[in-house]
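A structural walkthrough
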Number of protein chains: 4
Amino acid sequence: MTDSDVDLTDPASFEYWITENVRIADTDMGGHINNTALAAYVESGRVSRLRTAMQQRSGGERWVIAHLDMDFRAEGRPPGQVRIGTRLVRMGSKSVTLGAGIFMADRCLATAHSTMVFLNGAETAVIPEAVRQSLAASPEAKPEE
Amino acid sequence: MTDSDVDLTDPASFEYWITENVRIADTDMGGHINNTALAAYVESGRVSRLRTAMQQRSGGERWVIAHLDMDFRAEGRPPGQVRIGTRLVRMGSKSVTLGAGIFMADRCLATAHSTMVFLNGAETAVIPEAVRQSLAASPEAKPEE
Amino acid sequence: MTDSDVDLTDPASFEYWITENVRIADTDMGGHINNTALAAYVESGRVSRLRTAMQQRSGGERWVIAHLDMDFRAEGRPPGQVRIGTRLVRMGSKSVTLGAGIFMADRCLATAHSTMVFLNGAETAVIPEAVRQSLAASPEAKPEE
Amino acid sequence: MTDSDVDLTDPASFEYWITENVRIADTDMGGHINNTALAAYVESGRVSRLRTAMQQRSGGERWVIAHLDMDFRAEGRPPGQVRIGTRLVRMGSKSVTLGAGIFMADRCLATAHSTMVFLNGAETAVIPEAVRQSLAASPEAKPEE
């Protein structure tokens with residue numbers, strides 16, 4: 001499955017959302033949210049999205065990030081919150097790519113792709129069918145929010 | 001005004017609350033939330049609480065942190081959220097001390113005191129009466145949540 | 001100028017280096033350096049490299065990041081330090097792309113490309129000739145180390 | 001052993017030093033180093049100082065932070081580096097308190113006390129004599145710098 005044409009600047013592209021506060025510690029002397037904090041927001045969304053698909057995982061299974069690319073589109077400033085949309089854009093046999101969009105009010109601050117490799121112990125492994133089905137399905141609303 | 005006897009481990013001590021996601025980037029190799037992330041949570045609560053008392057501030061006025069002390073009481077781990085309670089514990093003429101408690105579910109992870117000095121430009125300044133009254137009053141529920 | 005074939009996993013590709021301590025706060029519960037800390041290391045190298053080419057800049061000139069892509073190649077753990085190599089890989093009229101490699105001992109932990117846009121005030125601007133020449137020249141050894 | 005009268009704003013109080021780069025991600029929209037980054041610098045010094053005294057530790061032994069207090073004395077800004085001095089100020093049977101001073105050029109940006117509790121597994125434990133002697137001795141120069 002590949003869906004590389006999805007427009008990550010469009011909130012309608014996402015069904016899975018989390019919200020993060022913009023912390024003072026997320027900003028830098030440029031007066032805006034630092035790029036590493038935007039990467040942390042992407043990670044929060046990614047980890048939350050993958051967790052919902054991993055309820056049934058066995059002991060040594062985990063995801064590691066292999067690639068991240070980000071496009072920075074607008075500056076964001078506190079106070080306020082950002083909403084992070086996350087969606088599957090590619091499903092491989094041993095890895096997945098997730099797309100993300102970070103929005104503050106109606107502005108898209110950044111978009112990102114994260115490629116996550118599936119490991120069992122120290123070795124890459126084929127993503128189990130149950131996890132694949134869970135990832136491909138529309139996620140339920142995030143339980144903790 | 002001084003209220004140094006308040007029990008910051010008791011959620012009932014607080015009327016003002018914010019919520020923060022525990023991000024993966026907030027954790028460290030000890031497997032728990034890093035102490036600097038707990039300090040960032042305290043800052044988020046403090047800045048939000050002071051902002052509600054500063055609607056009427058003039059241009060050069062700002063707060064700077066002069067002192068922070070924190071007691072670390074329990075380890076926290078993701079996934080989940082923390083709730084940060086913030087309250088006034090001392091009002092001086094040119095500074096205030098805020099107390100904070102960080103809670104995950106019903107456990108108190110940390111408590112803190114932050115002393116903030118009021119500046120006008122580069123100089124310490126007497127806190128204006130309108131700001132004092134606003135700080136002393138019970139804060140309204142945080143608007144952005 | 002474009003030099004997209006440079007091998008960023010090879011230390012010999014770089015003439016400009018900085019060193020960063022791996023802080024505990026840089027790690028996460030996975031027991032390794034968090035990807036956002038690796039992005040902070042890339043930023044440290046990038047900012048230092050651009051600064052050496054900006055001694056003569058005028059008031060409103062600054063760089064903003066437009067794109068970041070990172071490949072994560074090996075896990076890193078404290079204690080220790082990382083060395084970050086930074087080099088020019090593309091010079092456009094209004095932007096530059098810098099390549100980076102992060103090394104711990106002789107292992108490459110990550111490589112990255114950062115595209116930085118030149119601004120004068122709020123507008124993109126043509127990179128001044130003096131800055132272009134300074135960027136294209138071999139950088140001197142970093143003064144503060 | 002207690003040495004609470006030591007002046008942590010005086011570089012002569014310290015024999016053990018590390019150096020940290022001031023990263024852009026360490027700053028905030030106030031234009032200065034964020035207080036959580038200053039806490040990270042204190043942690044870097046503390047962990048490095050304790051590590052030199054723990055060469056001989058056995059498996060389940062570790063330190064956890066129980067208390068941190070910091071006095072913020074001057075604003076710091078990049079570019080540049082900070083030097084962090086760390087020293088023992090109190091040795092208890094199951095905990096130690098370390099003092100720290102953060103200096104940029106000749107200015108003291110902040111001082112701190114960190115109380116670290118010694119654990120064996122999940123339980124507090126008496127600090128072994130070999131560790132006590134190592135902590136009390138003048139530390140050797142930090143090996144990795």
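Note that the structure is a prediction, hence the values are computed from the model and not measured. (Residues numbered from 1 in each chain as written. Chains lettered and ligands numbered in written order. Predicted model: local features only at pLDDT ≥ 70, side-chain atom pairs only at ≥ 80, totals over all residues.)

Here we come to the overall build of chain A. The helix and strand tally for chain A stands at two helices and six strands. Listing every helix and strand of chain A by position from the N terminus yields β-α-β-β-β-β-β-α. (Helix = DSSP H or I, 4+ residues; strand = E, 2+ residues; numbered from the N terminus.)

Our focus in this paragraph is the interface of chain B and chain C. Residue-level contacts link eight residues of chain B with eight residues of chain C. For the side of chain B that touches chain C, a count of residues per class yields three nonpolar, four polar and one charged. (Contact = placed C-beta atoms within 7 Å. Nonpolar A, V, L, I, M, F, W, Y, C, P; charged D, E, K, R; others polar.)

Time to look at the relation of the copies chain B and chain C. Superposing chain B onto chain C takes a rotation of 180° plus a shift of 0.0 Å along the axis, which leaves an RMSD of 0.0 Å. Within this description, the copies of the chain are treated as partners about a two-fold rotation axis. Considering only C-alpha atoms, the residue of chain B closest to the rotation axis is Asp28 of chain B, which sits at 1.9 Å. When the interface residues of chain B are mapped onto chain C, 100% of them again lie at the interface, so the same face is used by both copies. (Least-squares fit on C-alpha atoms with pLDDT ≥ 70 in both.)

What follows deals with the interface of chain C and chain A. Every contact between the two is made by 13 residues of chain C and, on the other side, 13 residues of chain A. Those elements that place two or more of their residues in the side of chain C that touches chain A are α1 (35-52) and β2 (61-72) of chain C. No other element matches the eight residues that β2 of chain C contributes to the side of chain C that touches chain A. Residue composition of the side of chain C that touches chain A, by class: seven nonpolar, three polar and three charged. Relative to β2 of chain C, strand β2 (residues 61-72) of chain A is paired through five bridges, and the arrangement is antiparallel. Bridge pairing in β2 of chain C places Leu68 of chain A opposite Met70 of chain C. (Pairing = 2+ DSSP bridges.)

Glancing now at the confidence of the model for chain A. All names here are of chain A. Looking at chain A as a whole, its pLDDT mean stands at 90, while 89% of the residues score no less than 70. The weakest mean pLDDT in chain A belongs to helix α2 (residues 129-136) at 88; the strongest belongs to strand β4 (residues 95-104) at 98. Reported for the predicted complex are a pTM of 0.93 and an ipTM of 0.91. (pLDDT = per-residue confidence, 0-100.)

So, on to the packing of helix α1 (residues 35-52) of chain B against helix α1 (residues 35-52) of chain D. The geometry of a pair of packed helices is captured by two quantities: the angle between their axes and the separation between those axes. Viewed as axis vectors pointing N to C, α1 of chain B and α1 of chain D meet at an angle of 160°, and their least axial separation amounts to 9 Å. With respect to their mutual orientation, α1 of chain B and α1 of chain D come out roughly antiparallel. The way α1 of chain B lies across α1 of chain D gives a crossing that is right-handed. Contacts between α1 of chain B and α1 of chain D pair Asn35, Thr36, Ala39, Ala40 and Glu43 of chain B from the former with Asn35, Thr36, Ala39, Ala40 and Glu43 of chain D from the latter. Across the contact of α1 of chain B with α1 of chain D, the residue classes break down as four nonpolar, four polar and two charged. (Axes fitted to C-alpha atoms, helices over the stretch in contact; angles between N-to-C directions. Parallel < 35°, antiparallel > 145°, perpendicular 65-115°, else oblique. Left-handed = near helix turned anticlockwise from the far one by under 90°.)

Another aspect to go through is the environment of Gly101 of chain D. All names here are of chain D. Positionally, Gly101 belongs in strand β4 (residues 95-104). You can call Gly101 buried: it has 26 C-beta atoms within 10 Å. Considering only alpha carbons, one finds Gly101 and Ala74, 27 residues apart in sequence, at a separation of 12 Å. In contact with Gly101, not counting residues within four places along its chain, are Leu8, Thr9, Pro11, Ser13, Phe14, Gly85, Cys108 and Thr111. (Buried ≥ 20, exposed ≤ 12 C-beta atoms within 10 Å, placed from the backbone.)

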